[in-house]
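A closer look at the structure
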Amino acid sequence: MRRTIGLIAVLCLLVGCDDGTGTPGEDVDVSVLLEAEDTITEGLAPGEGPEAIRDGWAVTFDDYVVVIGDVDAHLSTDDSVQVEAPERFAVDLVDVPQSGLELWTLSGLREGRWELNYAIAGAADGAMPHDSVTDAQMTRMIDEDLTYLIAGSMTQPGGRSCPPANLAAPGVAEPSGEPNAADDPCYANETIAFELGVQAETAFGPCEVDEMPGFAVTAGSTTTIALTIHGDHIFFNGFPESDEGGTQRLAQWLADCDLNLDGEVTREELEQIAPSDLIELDERFQLGGSPITPLTNLWDYVTAQLKTQGHFQGEGECPFDGQAHDH
Amino acid sequence: MTRVCVALSLLLAGCIDTSVEATTIDLHVGGSDATAPFEGRDGVMVTLERADVAFGPLTLCAGVTAGALCDEALAEWRDAAVVDALDPTPVEVGTMDAITGTTRSYMFDYGIVSRLTSDAPLVLPAAESLGDRSVVIEGRVDVDGQRVPFTIAMSVAQGPETEQGVPVVRSNESDGFDHVIAPDGGSRLDVHLDPRAWLVTADYRSLVQDDMCAAGADLVCAGSVEQTCAEDGALIADRDCAAMGQVCLRGVGCAERAEIGPESQIGRSVRNGLTAGARPMFDFD
């Protein structure tokens, strides 16, 4: 018997068994913060740096409301050991402090490594508004079951819009300067606003940091983890899954979506335009990892990019799916 | 060493779950019955006469997300083959090295593989046979009173500005890919490609034109009539392309057929359709 127990212990050591039981009676409560990437709180600047917008546009966000919650963790070594914080909150990420917003508590976690999942969900199923969200915003989000309500603008001195000629409705606007590479006339348009109410329900997880899954709990310690929402994926040149370091941020394509040149890009305009209609979406873009296929218009493209913005502990990765959350 | 080779090595060394076994998957790839005319964007009628595509390499992953997050490959085929995408009959193209388990995602290239160790991609023999292209499509489209023959020849690959080292197509959980790989070589995978999916957003009207001469335009089509224009917009000469058995192409004039490259709207449509269009059908037995 002792030899059997010893053999089992040796085998467990060899295969890295960890039953995560810890010390009975020393369960830990984990605080879960919501963080906003500084691309949301501070915007994006033009430039040549790795996180700058390469084609000269600056972007700022006035509102960046997201509905987020359904936090759950399970022990890495035993799926049946699970803790949840199911509350969903609508939060304007523009107003989230740099230190994060403590919104959830995972209670009674034993020592061990835990895997983490969460969701960005529609507002119509019990989301609670944070103080940062106005009544009008919350009403709209519930009525339209939105996951995101994003308002902002892009600016560039000398900026222009070059909408696809076969879709453009320039009205009285006069072309300015040379046409673009597709021979689409271009028009002066230095400030372009956008307001995007999007349904982009996504389940994220299991999250990892540097290929280590989830987070570790140690008895007697204070553990705080953070769900981090990025704000610049709409401007990515693709759908990178791990290291965003090789990604470019480009915005001229969005400027070219102002079909009627009224200084605002709308959902209706994005729905009219196929990615292939824009000369700007050229070989610098690689769309093969999109969570929405087929990608037949730019509203789908924007929605697909928003599905990829959920992260963990800053830059930690959380695989995303394209399935709607069951209500 | 490939991901599957590593997994197999670990298996042989007794270092991973011994309920998995080394196995193989017979891989067959075919097209679709897509030779009948079909409606393209804005109601034009398109007929395909050729759709050859270099398919592969192909990797099947255990997780729900492929690509750089494919930590454990369950099956790999590291070659590529030219597929007649207009023939629905699947053709055996090779055997995938595999281990048993449930695969929930896939990733593949179109004959041109991006490498981390070199900016230049690796062009596999299948793509070489297509003139270093991933796909060659030939057909004709009836648009605005003209029947326009066309050829589209495209390469689809990651570039230094995109995700180097990652296949161009990666499935996600929404693709619903969930299959069990059987032991003892008992699995067969049939992949079906549909070239119509690559052309969904193609704007064929960009090929033709029906205008009069105008200032600044050297050559303008008025339907099938090629017009040579003066700087001030006056008509210098015209000729009926149709009388010569040709078509009048925007910016080109009289021509036998439209040679469509990657810089055009139709070229972008094909590239986006191949990478982010409707996914191929995967039939697992």
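Another aspect to go through is the overall build of chain B. For chain B, the helix and strand inventory stands at three helices and 23 strands. Within chain B, buried positions represent 48% of all 285 residues. For chain B, restricting intrachain contacts to residue pairs at least 6 apart in sequence, the fraction spanning at least 24 positions comes to 70%.

Before going further, it helps to examine the overall build of chain A. The number of helices and strands found in chain A is six helices and 17 strands. Going through the 327 residues of chain A one by one, you find that 48% of them count as buried.

This brings us to the interface of chain A and chain B. In this assembly, 30 residues from chain A lie in contact with 33 residues from chain B. Per-class residue counts for the side of chain A that touches chain B are nine nonpolar, 15 polar and six charged.

Time to look at the domain arrangement of chain B. Residue and element names in this part refer to chain B. Once the domains are mapped, chain B shows domain 1 (3-202 + 259-284) and domain 2 (209-249). If you average the C-alpha positions of domain 1 and of domain 2, the two centres end up 41 Å apart. With four residues of domain 1 at the interface, the matching set in domain 2 holds four residues.

Attention now moves to the sheet that holds strand E17 (residues 219-222) of chain B. Residue and element names in this part refer to chain B. In spatial order, the strands read E17-E18-E19; together these three strands make up an open sheet with antiparallel pairing. Two strands bound the open sheet, and with one partner strand each, they are E17 and strand E19 (235-240). Strand-to-strand twist in this sheet, taken as the mean axis angle between neighbours without regard to direction, amounts to 25°.

Residue and element names in this part refer to chain A. For helix H6 (residues 298-306), a buried count of eight out of nine residues is recorded, marking the element as mostly surrounded by other parts of the structure. Those residues of H6 that sit buried are Leu298, Trp299, Tyr301, Val302, Thr303, Ala304, Gln305 and Leu306. Packing partners of the buried residues in H6 comprise strand E7 (148-155), strand E10 (191-198) and helix H5 (267-272).

The next thing to look at is the environment of Val209(A). Residues and elements named next belong to chain A. With respect to the secondary-structure elements, valine 209 resides in strand E12 (residues 208-209). On the basis of neighbour count, valine 209 is assigned to the partly exposed category, with 16 C-beta atoms found within 10 Å. Not counting chain neighbours up to four residues away, the residues in contact with valine 209 comprise Phe312, Gln313 and Gly316.

Further remarks concern unusual backbone geometry. Backbone geometry follows two general trends: most residues other than glycine have a negative phi, and most peptide bonds adopt the trans configuration. Here the amide bond leading from Gly205(A) into Pro206(A) is cis, since omega sits at -5°, within 30 degrees of zero. On the secondary structure map, Pro206(A) appears in the loop between strand E11 (202-204) and E12. Put simply, Gly56(B) and Pro57(B) share a cis peptide bond, and its omega is -5°. The residue Pro57(B) is located in the loop between strand E3 (45-55) and strand E4 (58-61) in this model.

Time to look at the pairing of strand E10 (residues 112-115) of chain B. All names here are of chain B. Where E10 meets strand E11 (residues 118-123), three bridges bridge the pair, whose relative direction is antiparallel. For valine 113, the partnering residue across the bridge sits in E11 and is leucine 122. Count of turn residues in the E10/E11 antiparallel hairpin: two residues.

All names here are of chain A. The predicted model of chain A averages 89 in pLDDT, with 89% of residues at 70 or higher. Low pLDDT, under 50, characterises residues 1-25; the predicted model gives this stretch 19 contacts beyond four residues in sequence or across chains. Counting contacts from residues 322-327, a segment whose pLDDT is below 50, to residues more than four positions away or on other chains yields 15 contacts.

In this structure, Val65(A), Val66(A), Val67(A), Val91(A), Leu93(A), Tyr148(A) and Ala251(A) are the most contacted members of the largest nonpolar core, which totals 87 residues. Among the elements that make up this core, the one with the highest residue count is strand E2 (residues 58-75) of chain A (10 residues). When sequence neighbours within four positions are dropped, the list of residues in contact with Tyr148(A) reads Val65(A), Val66(A), Leu196(A), Val198(A), Ala200(A) and Leu306(A). Counting residues in each nonpolar core, the second largest holds 77 residues, with Leu74(B), Val191(B), Trp198(B) and Tyr204(B) among its members.

Once that is clear, we can look at the sheet that holds strand E14 (residues 169-170) of chain B. Residue and element names in this part refer to chain B. Read across the open sheet, the eight strands follow the order E14-E9-E4-E5-E7-E1-E16-E23; overall the sheet is mixed. Since the sheet does not close on itself, it has two edges, and those belong to E14 and strand E23 (281-284), each with one partner. Sheet analysis places strand E5 (residues 73-77) next to strand E7 (residues 91-99), joined by two bridges and oriented antiparallel. Across the sheet, the residue bridging to glutamate 76 is aspartate 97, located in E7.

All names here are of chain B. Among the secondary structure elements, aspartate 109 is positioned in the loop between strand E9 (105-108) and E10. Exposure remark for aspartate 109: the 27 C-beta atoms within 10 Å place this residue in the buried category. Excluding residues that lie within four positions of it along the chain, aspartate 109 makes contacts with Gly56, Pro57, Pro167 and Val168.

It is worth spelling out the pairing of E3(B) at this point. Residue and element names in this part refer to chain B. Of the strand pairs in this sheet, strand E2 (residues 38-39) and E3 are connected by two bridges, and their pairing is antiparallel. Considered in E3, the bridge of phenylalanine 38 is made with valine 46. Between E2 and E3, which pair antiparallel and follow one another directly, the connecting turn spans five residues, one of which, aspartate 42, has a positive phi of 65°. For E3 and strand E12 (residues 135-143), the ladder comprises eight bridges, and the chain directions are antiparallel. Its bridge partner being in E12, leucine 48 is matched across the sheet by glycine 139.

Right, let's talk about the confidence of the model for chain B for a bit. When pLDDT is averaged across chain B, the result is 91; 93% of the residues are at 70 or more. For this predicted complex, the interface confidence reaches an ipTM of 0.89, while the overall pTM sits at 0.90.

Let us now look at the environment of Trp198(B). Residue and element names in this part refer to chain B. Note on placement: tryptophan 198 falls in the loop between strand E16 (187-192) and E17. As for tryptophan 198 and glycine 233, which are separated by 35 residues in sequence, their C-alpha atoms are 38 Å apart. Ignoring anything within four residues of it in the chain, the contact list for tryptophan 198 reads Val270, Gly273, Leu274 and Gly277.

Conventions we followed
- Residues numbered from 1 in each chain as written.
- Chains lettered and ligands numbered in written order.
- Predicted model: local features only at pLDDT ≥ 70, side-chain atom pairs only at ≥ 80, totals over all residues.
- Helix = DSSP H or I, 4+ residues; strand = E, 2+ residues; numbered from the N terminus.
- Buried ≥ 20, exposed ≤ 12 C-beta atoms within 10 Å, placed from the backbone.
- Contact = placed C-beta atoms within 7 Å.
- Nonpolar A, V, L, I, M, F, W, Y, C, P; charged D, E, K, R; others polar.
- Domains from an automatic or database assignment.
- Pairing = 2+ DSSP bridges.
- Axes fitted to C-alpha atoms, helices over the stretch in contact; angles between N-to-C directions.
- pLDDT = per-residue confidence, 0-100.
- Core = buried A, V, L, I, M, F, W, Y, C linked by C-beta atoms within 7 Å.

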